[in-house]
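Listed here are the chains, written in short residue letters.
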Amino acid sequence: MNFLYIVLGLLLLILGGNWLLKAAVSLSMRLKISKIIVGLTVVSFATSAPEMIVSIQAALSGFPDIAIGNVVGSNIGNIGLVLGTILLINAVQVDNSFYATDWPVKMFASTLLFVFLVLDGVLSRIEGFIFIVVLITFLIFLIRKNKTTQINIEDNKEEVMSIVKIGCFLAIGGFALWLGSELLVKGAVNLAESLGVSKRIIAITVVSIGTSVPELASSIIASIKKENDISVGNIIGSNIFNILSVLGVTAIIKPIEHVDVRIIQQDIYWMLGFAFFLLPMVILPKRGNLSFKEGVLLLVSYGIFLYFTMS
């Protein structure tokens with residue numbers, strides 16, 4: 001039954017990612033805003049929903065290691081696994097917003113989480129509110145910055161769907177992502193627990209990989225369709241949203257306490273490392289370009305991370 005949950009979950013996640021991407025592209029055309037912003041908002045919110053649901057449930061059930069480990073592991077997986085896989089399929093030209101807003105905000109959010117956890121090993125309600133304030137400020141800045149961005153709809157071959165159809169695709173896609181993640185995480189966690197694996201290991205590996213599948217599915221589809229702005233925007237946006245919205249909302253509902261010391265002393269540094277080294281990878285050797293070699297490097301690094309985590 002656990003294997004059945006995993007297979008059905010993956011299928012729903014892939015379908016949901018495709019539906020969500022269709023709606024996101026059409027939405028960017030109709031609103032005449034850049035696709036990178038759609039990737040950072042609409043797609044990222046929907047694909048971060050599994051992480052939020054899992055983290056809230058874990059915190060309410062008294063499992064802080066799953067609540068934090070899920071986000072930390074997902075952020076590492078988004079860069080190492082998701083972006084690494086995308087680069088094996090297709091080289092990516094990075095938008096200028098990566099340098100101006102995306103990477104700096106991602107590093108700021110990651111550093112803020114690091115500081116909060118190192119101080120006392122707790123995410124309080126006040127710290128949760130701080131995350132939400134930072135997120136709202138970031139979104140307001142994005143909206144104001146991109147007010148005048150134009151898209152030539154006539155030159156784009158993608159179907160421009162009606163508002164009603166866009167809403168339906170967003171709703172169905174978001175529901176499929178949520179249900180798929182629920183099934184995948186349930187099957188994977190039950191399977192892992194039957195093997196006697198600790199909650200931290202489950203969260204960092206099985207749960208985080210399971211909840212990263214929406215990012216992987218929607219980003220691979222975007223990469224195949226050459227929608228690279230949405231691919232990169234989705235990945236970076238999801239990392240930002242995972243910390244600011246997922247942990248922000250979770251901490252407000254239920255403060256996260258008694259976090260496994262290994263998450264603070266080990267896993268959080270891996271997350272910061274993957275986030276930081278994305279910048280020199282984009283700049284060197286060719287500015288603004290990520291290709292097959294960087295993809296291999298990211299996947300190998302992610303494999304090393306899993307090895308040390310499991311050992």
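Residues numbered from 1 in each chain as written. Predicted model: local features only at pLDDT ≥ 70, side-chain atom pairs only at ≥ 80, totals over all residues. Heavy atoms only, no water.

A. Molecular detail of the side chain of asparagine 70. Within the element layout of this structure, asparagine 70 appears in helix α3 (residues 64-89). Accessibility expressed as a relative area gives 0% for asparagine 70, which makes it buried. Leaving out residues up to four positions away in the same chain, asparagine 70 has contacts with Glu51, Val54, Ser55, Asp65, Ala203, Val207, Ser208 and Thr211. (Helix = DSSP H or I, 4+ residues; strand = E, 2+ residues; numbered from the N terminus. Buried < 20%, exposed > 50% of the residue type's maximum accessible area, 1.4 Å probe, protein only. Contact = heavy atoms within 4.5 Å.)

B. Representation of the side chain of arginine 200 within the structure. Along the polypeptide, arginine 200 turns up in helix α7 (residues 199-224). Sequence-distant contacts of arginine 200, defined by excluding residues within four places in its chain, comprise Asp65, Asp260, Arg262, Ile263, Gln266, Asp267 and Thr309.

C. Molecular detail of the pattern of salt bridges. The full count for this structure, using the stated rule, is 2 salt bridges. Here arginine 200 and aspartate 267 are joined by a salt bridge, their closest N and O atoms 2.9 Å apart. Here arginine 200, found in helix α7, pairs with aspartate 267, found in helix α9 (residues 261-276); they are 67 residues apart in sequence, far enough to count as distant. Here arginine 200 matches aspartate 267 in class, with each residue buried. Between arginine 262 and aspartate 260 there is a salt bridge, and its shortest N-O distance comes to 2.9 Å. (Salt bridge = Lys/Arg side-chain N within 4 Å of Asp/Glu carboxyl O.)

D. Representation of the packing of aromatic side chains within the structure. One pass over the full model with this rule turns up 10 aromatic pairs. Arranged with centres 6.3 Å apart and planes meeting at 35°, the rings of tryptophan 270 and phenylalanine 274 form a pair that is tilted. Taken together, the positions of tryptophan 270 and phenylalanine 274, both in helix α9 and 4 residues apart, correspond to about one turn of that helix. On the basis of an interplanar angle of 35° and a centroid distance of 6.3 Å, the ring pair of tryptophan 270 and phenylalanine 308 is categorised as tilted. Taken together, the positions of tryptophan 270 in helix α9 and phenylalanine 308 in helix α11 (residues 292-310) put the pair 38 residues apart, joining distant regions of the chain. The structure contains a cluster of three or more aromatic residues connected by ring pairs, namely Trp270, Phe274, Tyr302, Phe305, Tyr307 and Phe308. (Phe/Tyr/Trp six-rings, centres within 6.5 Å; stacked < 30°, edge-to-face > 60°.)

E. View of the packing of α3 against α9. Contact pair α3 / α9: the axes reach a minimum separation of 9 Å and the direction vectors enclose 25°. With respect to α9, the element α3 is oriented roughly parallel. You can see that α3 and α9 cross each other, and the crossing is left-handed. Here Asp65, Ile68, Gly69, Val72, Asn75, Ile76, Ile79 and Gly80 of α3 come into contact with α9, specifically with Ile263, Asp267, Ile268, Trp270, Met271, Phe274 and Ala275. (Axes fitted to C-alpha atoms, helices over the stretch in contact; angles between N-to-C directions. Parallel < 35°, antiparallel > 145°, perpendicular 65-115°, else oblique. Left-handed = near helix turned anticlockwise from the far one by under 90°.)

F. Just the environment of leucine 123, in detail. The residue leucine 123 is located in the loop between α4 (97-120) and α5 (125-145) in this model. Taking the C-alpha atoms as reference points, leucine 123 and glycine 248, separated by 125 residues in sequence, lie 8.7 Å from one another. Leucine 123 has contacts with Ile68, Leu113, Phe116, Leu117, Phe131, Leu247, Ala251, Pro255 and Ile256, leaving out every residue within four places of it along the chain.

G. Spotlight on the layout of surface pockets. The computed volume of the largest pocket comes to approximately 310 Å³. Along its surface, the largest pocket is lined by 13 residues, and Val54, Gln57, Ile66, Val185 and Val189 are the ones closest to its centre. The element contributing the most residues to the lining of the largest pocket is helix α6 (residues 163-194), with 5 residues. Here the residues of the lining of the largest pocket sort into 7 nonpolar, 2 polar and 4 charged. The space that makes up the second largest pocket amounts to roughly 160 Å³. Mapped by element, the contributors of at least two residues to the lining of the second largest pocket are α9 and α11. Broken down by class, the residue content of the lining of the second largest pocket amounts to 7 nonpolar, 2 polar and no charged. (1 Å grid on protein atoms, 1.4 Å probe; cavity = no way out; pocket = protein on both sides within 12 Å on 5 of 7 lines; lining within 4 Å. Points joined across faces, edges and corners; volume = space filled by probe spheres on them. Nonpolar A, V, L, I, M, F, W, Y, C, P; charged D, E, K, R; others polar.)

H. Region of interest: the nonpolar core. Counting residues in each nonpolar core, the largest one holds 67 residues, and the members touching the most others are Ile68, Leu113, Leu123 and Phe131. Tallying contributions element by element places α3 first for this core, with 11 residues. Not counting the four nearest positions on each side in its chain, leucine 113 is found in contact with Leu123, Phe131, Ile243, Leu247, Ile268 and Met271. Listed in part, the 6 residues of the second largest apolar core include Ile6, Leu20, Leu177 and Val213. (Core = buried A, V, L, I, M, F, W, Y, C linked by side-chain atoms within 4.5 Å.)

Such coordinate-based values are descriptive only and should not be taken to indicate function.
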